[in-house]
Amino acid sequence: MESKDYLKDISEIKNMMNKSSRFISLSGLSGILAGIYALIGAAVAYWLVTTSVRGYLILDGTIFRICLFILLMVAFLSIVTGIILTTQKAKKHGAKIWDATSKRLVYNFLIPMVAGGLYIIIILSQGKYGHTGGLMLIFYGLALVNASKYSIGDIQYLGFIQIALGLIAALYPGYGFWLWVLGFGVMHIIYGTWMHFKYDINK
């Protein structure tokens, strides 16, 4: 009995240390909604481009600016939704939403995202936008892997998938849009659903 109690105490201490070093209040539902936002945004952008006079994007065109606005709105809605649902989950479990761990999470997530965003802006200014979809996937995947050290470790696998899709998009830039839809839309919904049932239900 003493041996079992000893092992139980060690397990509890390990869990407490894990919780103190990782931000585990991320909401799976926010991932699902982010995927839905991405699919809606992609559908609207696809319709705008395919029904336009040219049938393709140009950097100084009105359709491009509208598509860029749609992309920013998808990102904005995803971030706001994530903050709201994650805050609700943290309060439900009596956890702090903004502490040293969550700060490290955000910091490690933003490093690849900011670097990637600046790089994409640079190549867009040079008129090279054939690989932007793949680059978004790669840098987003790197951000997830980098941030997974301070959150639910499972998100690193979503990061690996995004990186793989980004590399495929680099090989086949003609399919960049559809791979973007698969990565940011479909995979977010699938992964968010899995995370929701694994970590959110009855937790």
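The rules we used
- Residues numbered from 1 in each chain as written.
- Predicted model: local features only at pLDDT ≥ 70, side-chain atom pairs only at ≥ 80, totals over all residues.
- Heavy atoms only, no water.
- Core = buried A, V, L, I, M, F, W, Y, C linked by side-chain atoms within 4.5 Å.
- Buried < 20%, exposed > 50% of the residue type's maximum accessible area, 1.4 Å probe, protein only.
- Helix = DSSP H or I, 4+ residues; strand = E, 2+ residues; numbered from the N terminus.
- Axes fitted to C-alpha atoms, helices over the stretch in contact; angles between N-to-C directions.
- Parallel < 35°, antiparallel > 145°, perpendicular 65-115°, else oblique.
- Left-handed = near helix turned anticlockwise from the far one by under 90°.
- Contact = heavy atoms within 4.5 Å.
- Nonpolar A, V, L, I, M, F, W, Y, C, P; charged D, E, K, R; others polar.
- Phe/Tyr/Trp six-rings, centres within 6.5 Å; stacked < 30°, edge-to-face > 60°.
- Expected span 1.5 Å × (residues − 1).

S.K.: Got a minute to help me understand the nonpolar core in this structure?
M.R.: As a rule of thumb, nonpolar side chains are buried together in soluble globular proteins. Within the largest apolar cluster, 20 residues are counted, with the highest numbers of intra-cluster contacts made by W180 and F184. Counting residues per element, the ones that place at least two in this core are helix 2 (28-50), helix 3 (62-92), helix 5 (132-147), helix 6 (155-171) and helix 7 (176-200). Of all the elements, helix 7 adds the most residues to this core, at seven residues.

S.K.: What is the right way to read the environment of M73 from this model?
M.R.: With respect to the secondary-structure elements, M73 resides in helix 3. For M73, a relative accessible area of 33% corresponds to the partly exposed category. For M73 and Y37, which are 36 residues apart along the polypeptide, the C-alpha to C-alpha distance reads 8.8 Å.

S.K.: Could you clarify how one ought to interpret the packing of helix 5 against helix 6 in this entry?
M.R.: Axes are the key here: two packed helices are described by the angle between their axes and the distance separating the axes. Direction vectors running N to C along helix 5 and helix 6 enclose 160 degrees, while the axes themselves pass 7 Å from each other. Considering their axes alone, helix 5 and helix 6 lie roughly antiparallel with respect to each other. Helix-helix and strand crossings are classified by hand; for helix 5 and helix 6 the assignment is left-handed. Here helix 5 contributes G134, L137, I138, Y140, G141, L142, L144, V145 and A147 to the contact with helix 6, which in turn contributes I155, Q156, L158, G159, F160, Q162, I163, L165, G166, L167 and A169. Broken down by class, the residue content of the contact of helix 5 with helix 6 amounts to 14 nonpolar, six polar and no charged.

S.K.: Hey, could you run me through the side chain of S30 in this one?
M.R.: Checked against the element boundaries, S30 lands in helix 2. Once residues lying within four places of it in the same chain are set aside, the contact partners of S30 are T81, G82 and L85.

S.K.: Could you clarify how one ought to interpret the packing of aromatic side chains in this entry?
M.R.: Each aromatic ring pair is characterised by the separation of its centres together with the angle its planes make. Counted under the stated rule, the structure contains nine aromatic pairs. With 6.3 Å between their ring centres and 90 degrees between their planes, F109 and Y140 make a pair best called edge-to-face. Here the residue F109 occupies a position in helix 4 (residues 100-125), and Y140 occupies one in helix 5, the gap between them amounting to 31 residues. With relative accessibility at 25%, the residue F109 sits in the partly exposed group. Residue classification places Y140 among the buried positions, given a relative accessible area of 11%. Pairwise contacts between aromatic rings join F109, Y140, W180 and F184 into one cluster.

S.K.: How should the packing of helix 2 against helix 3 be read in this particular structure?
M.R.: Here helix 2 crosses helix 3 at 170 degrees, and the two axes come no closer than 9 Å. It follows from the interaxial angle that helix 2 and helix 3 lie roughly antiparallel. Contacts from L29, S30, L33, A34, Y37, A38, G41, V44, A45, L48 and V49 of helix 2 reach helix 3 at I63, I66, C67, I70, V74, L77, S78, T81, G82 and L85.

S.K.: What exactly am I supposed to notice about helix 5 here?
M.R.: Each α-helix winds once per 3.6 residues, and so residues spaced three or four apart point in a common direction. The terminal C-alpha atoms of helix 5, which comprises 16 residues, lie 22 Å apart, in line with the 22 Å expected from a rise of 1.5 Å per residue. Burial of helix 5 is extensive: twelve of the 16 residues sit out of reach of the surface. For helix 5, the complete set of buried residues consists of T132, G133, G134, L135, L137, I138, F139, Y140, G141, A143, L144 and A147.

S.K.: Explain helix 3 to me, please; I cannot follow it from the model alone.
M.R.: When the terminal C-alpha atoms of helix 3 are compared, their 45 Å separation across 31 residues agrees well with the 45 Å that a helix rising 1.5 Å per residue should span. Here helix 3 has its buried residues at F64, C67, I70, V74, S78, T81, G82, L85, T86, T87, K89 and A90.

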